[in-house]
Amino acid sequence: QVQLVESGGGLAQAGGSLRLSCEVFGTVSSIVNIAWYRQQPGKQRELVATITTEEGITDYADYVKGRFTISTDILRGTMDLQMNSLKPEDTAVYFCNAGLRDSSPAWGQGTQVTVSS
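Nothing here was measured: the structure is a model prediction, and the numbers come from that model.

Visitor: How do you make sense of the overall build of the protein chain when you look at a structure like this?
Guide: Each helix and strand counted, the protein chain has zero helices and 11 strands in total. Each helix and strand of the protein chain, placed in order from N terminus to C terminus, yields the pattern β-β-β-β-β-β-β-β-β-β-β. Principal-axis analysis of the C-alpha atoms places the extent of the protein chain at approximately 40 × 25 × 20 Å. The proportion of buried residues among the 117 residues of the protein chain is 41%. Taking the intrachain contacts of the protein chain between residues at least 6 apart in sequence as the baseline, contacts between residues at least 24 apart amount to 53%. If you sum the accessible surface of the protein chain, you get close to 6200 Å²; carbon and sulfur atoms cover 47% of it.

Visitor: Sorry, what's going on with the packing of aromatic side chains here?
Guide: Each aromatic ring pair is summarised here by two numbers: the centre-to-centre distance and the angle between the ring planes. This model, assessed by the stated rule, comprises two aromatic pairs. Their ring planes at 85 degrees and their centres at 6.4 Å tell us that Phe 95 and Trp 107 sit as a pair that is edge-to-face. Taken together, the positions of Phe 95 in strand 9 (residues 92–100) and Trp 107 in strand 10 (residues 106–107) put the pair 12 residues apart, joining distant regions of the chain. On the basis of relative accessibility, which here comes to 9%, the residue Phe 95 falls in the buried class. Given the relative accessible area of 36%, Trp 107 is considered partly exposed. Put simply, the rings of Tyr 37, Phe 95 and Trp 107 pair up and form one aromatic cluster. The lysine or arginine in question, Arg 45, covers the ring of Phe 95, its NZ or CZ lying 3.7 Å from the ring centre. One cation-aromatic arrangement involves Arg 45 over Trp 107; the distance from NZ or CZ to the ring centre is 4.7 Å.

Visitor: Would you mind going over the pattern of salt bridges with me for this structure?
Guide: Two side chains bearing opposite charge may form a pair once their charged atoms approach each other closely. For the coordinates displayed, the defined rule picks out six salt bridges. Between Arg 38 and Glu 46 there is a salt bridge whose closest N-O contact spans 2.9 Å. Given the relative accessible area of 4%, Arg 38 is considered buried. Asp 90 is paired through a salt bridge with Arg 67; the nearest N and O atoms lie 2.7 Å apart.

Visitor: Explain the environment of Thr 58 here, please?
Guide: For Thr 58, the position within the fold is in strand 6 (residues 58–60). Once residues within four sequence positions are removed from consideration, Thr 58 is found in contact with Thr 50, Ile 51 and Ile 70.

Visitor: So what exactly am I meant to see when it comes to the nonpolar core here?
Guide: Nonpolar side chains in soluble globular proteins tend to be buried together. Grouped together as the largest cluster of nonpolar side chains are 31 residues, with contacts concentrated most on Trp 36, Leu 81, Met 83 and Tyr 94. Counting only elements with at least two residues in this core, the list comes to strand 1 (2–7), strand 3 (18–26), strand 4 (31–39), strand 5 (46–52), strand 7 (68–73), strand 8 (78–83), strand 9 and strand 11 (111–116). Ignoring sequence-local partners within four residues, the contact set of Leu 81 consists of Leu 18, Arg 19, Leu 20, Trp 36, Val 48, Ala 49, Phe 68, Thr 69, Ile 70 and Tyr 94.

How each quantity is defined
- Residues numbered from 1 in each chain as written.
- Predicted model: local features only at pLDDT ≥ 70, side-chain atom pairs only at ≥ 80, totals over all residues.
- Heavy atoms only, no water.
- Helix = DSSP H or I, 4+ residues; strand = E, 2+ residues; numbered from the N terminus.
- Buried < 20%, exposed > 50% of the residue type's maximum accessible area, 1.4 Å probe, protein only.
- Contact = heavy atoms within 4.5 Å.
- Areas by Shrake-Rupley, 256 points an atom, 1.4 Å probe, with all protein chains shown as cover.
- Phe/Tyr/Trp six-rings, centres within 6.5 Å; stacked < 30°, edge-to-face > 60°.
- Lys NZ or Arg CZ within 6 Å of the ring centre and 35° of its normal.
- Salt bridge = Lys/Arg side-chain N within 4 Å of Asp/Glu carboxyl O.
- Core = buried A, V, L, I, M, F, W, Y, C linked by side-chain atoms within 4.5 Å.

What follows is the structure in structure tokens.
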């Protein structure tokens, strides 16, 4: 079983930076990939970035490429999302997600990111 606890959200100005962190509790060896999602008011949750735990292969949504960086130190049970050059349209609740071998994905509780213009 895996539990995820996020931190690092808050308020930033356009052009600024924030770093989100997600601490992993439980059987980290069961995690095959890590992802960050976001959900804006009135919209569906959307994928922001992913990284595989074994190969470290990353993938990003087009709207964050070149601005956001996903990383993980899975043995230490941490995963981060560095967000640079923030835009007001990045305002959302951000969720970390762990894809698990043999069970449903685990989700964090979400952390609010607000970017002012």
